[in-house]
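Spelled out, the chains give:
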Amino acid sequence: MKNILTIKRSFFLVFICAVASLGTAAAQSQLNRVSLTQRGDGNGYVIRYHLTEMVGSYDVVQPDTNRIQMQLFSSNLDVENVEMPEVNAEVTGIDLVPIEGGLGVDVRTAGGVFFRAEAYPDQNRRDLLLNLEYVTREEAVELASQIEVFAWSVQQQEEATDQETVEMVDEPEREEQPPRRVTRRPAKVSIGFAGGLGIANKIGGGYTSEARQGMTMGLTASINLPYQLLNSFDTSFETGIFYTQKGFKNPSGEKIDAQTVVLDYIEIPLMVKLRYDSDETVKPYGIGGLYTAFRTAAEVIREDGDRGNIGGQTSNMDLGVVAGLGSDFVFDKATVSLQVRGGIGIPRMFNEGYSGAERPVYLSLLLGFQF
């Protein structure tokens, strides 16, 4: 009888240990798959870690503007049987690296694309999500400041490299996905000022004239569109309000009795800007659109210095086309722009009967600052 009780007690202890072991094994987290999908609002991506159970802990750092690192801590995570996603032109790489007590994840992004990374559990409290939201370069630089790369060992890096080599040998070659032609980017409004020198003249009228030198200065505003074309070109609207000196000098005496014709305007341009955004600092661009101008001064200056008002003989408004080339020089908190811009008016400068069908033309060299 005593032997029977001893056997029963031993069997019961073994059963309890087995149940406890199964419960412990069930509670361990395993990573089955990593997926990459675009956010529902189109403003970034979500990397999902498909887990059997939520990991014990995790952390995220952004040591560089185009690098995000995660650490997932659980005793049963590995890189051997994990299904990995296809990367794209913006999220260019997702690498898994074994680390002590868990798994390291290295996410790389394209040079001209920047994200803010935030990790949180899914509603099912099992999967882990890494949210990548578009931000500007300036915001990415601020996020990456004073953050160090996770110090994963050289041996672990070599093991990860060996694993990638095995996967490349075993897996069939995948077709390259063509780069996306249009990329969403965060919209941004920048305010600044610009000023410079210009030369103005007229075309038409049937007589000769010389250029008048003047100045252009005013406030500027830039509205970045939330799209990047061809993965390298940023688009934006440029506008502002400028004081611009136009007119011309030394017209033929039989047409206008003056040494200088002064026509000054408050000008409001509305232009589309296409900027080549491949370099971190120097970004050349082209710009073009329309302008509307409201006349503030109209007079003639004769050789003896006498001035005459010709406001009644000139149009109160001017409308024209404008185009130019330039380059932005992007720094941490400001953008310096150097631009050559020219324009030509569409309506006549003078009322019919005063002179011919002259139209204004001008060319400006502008230096601007935006914040």
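None of the values given here were measured: they were computed from a predicted structure.

**Q** Just to check I follow, could you spell out the pattern of salt bridges for this structure?
**A** It is possible for side chains bearing opposite charge to pair when their charged atoms get close. Under the defined criterion, the tally for this structure stands at 16 salt bridges. Note that Asp328 is salt-bridged to Lys273, the shortest N-O span being 2.6 Å. Taken together, the positions of Asp328 in strand β16 (residues 317-330) and Lys273 in strand β13 (residues 260-276) put the pair 55 residues apart, joining distant regions of the chain. By relative accessible area, Lys273 is classed as buried at 7%.

**Q** For this particular structure, what's the right way to read the nonpolar core?
**A** Where a protein is soluble and globular, its nonpolar side chains tend to be buried together. Core analysis: the largest hydrophobic core is formed by 28 residues, its most contacted members being Leu31, Ile47, Tyr49, Leu130 and Leu132. The set of elements that each furnish at least two residues to this core consists of β1 (31-38), β2 (44-51), β4 (67-73), β5 (91-99), β6 (102-109), β7 (115-121) and β8 (128-134). Not counting residues within four places of it along the chain, the set of residues in contact with Tyr49 comprises Leu31, Arg33, Val34, Met70, Leu72, Val105, Asp127, Leu128 and Leu130. Residues Ala200, Tyr285, Ala293 and Met349 belong to the second largest nonpolar core, which totals 20 residues.

**Q** Looking at this model, I keep getting lost on the environment of Leu363. Mind explaining?
**A** Mapped onto the elements of the fold, Leu363 is located in strand β18 (residues 359-370). Sequence separation between Leu363 and Gln213 is 150 residues; the distance between their C-alpha atoms is 9.8 Å. For Leu363, the contacting residues outside a window of four places in its chain are Leu197, Gly198, Ile199, Val340, Arg341 and Gly342.

**Q** Explanation requested: the sheet that holds β6 in the structure shown.
**A** Strand pairing in a sheet relies on backbone hydrogen bonds, with the paired strands running either antiparallel or parallel. Read across the open sheet, the four strands follow the order β3-β4-β6-β5; overall the sheet is antiparallel. This sheet does not close on itself; its edge strands, each paired only once, are β3 (57-64) and β5. On average, each strand axis in the sheet is tilted by 15° relative to the strand beside it, whichever way the strands run. Relative to β6, β5 is paired through eight bridges, and the arrangement is antiparallel. Looking at β6, one finds that Gly93 is bridged to Arg108.

**Q** What exactly am I supposed to notice about helix α2 (residues 137-144) here?
**A** For an α-helix, 3.6 residues make a turn, and residues three or four places apart therefore share a direction. What α2 keeps buried is the set Arg137, Ala140 and Ala144. Mapping the buried residues of α2 onto a view down its axis gives an arc of 60°, with all of them on the same face. Close packing links the buried residues of α2 with β3.

Conventions used here
Residues numbered from 1 in each chain as written. Predicted model: local features only at pLDDT ≥ 70, side-chain atom pairs only at ≥ 80, totals over all residues. Heavy atoms only, no water. Salt bridge = Lys/Arg side-chain N within 4 Å of Asp/Glu carboxyl O. Helix = DSSP H or I, 4+ residues; strand = E, 2+ residues; numbered from the N terminus. Buried < 20%, exposed > 50% of the residue type's maximum accessible area, 1.4 Å probe, protein only. Core = buried A, V, L, I, M, F, W, Y, C linked by side-chain atoms within 4.5 Å. Contact = heavy atoms within 4.5 Å. Pairing = 2+ DSSP bridges. Axes fitted to C-alpha atoms, helices over the stretch in contact; angles between N-to-C directions. Arc of directions from axis to C-beta.

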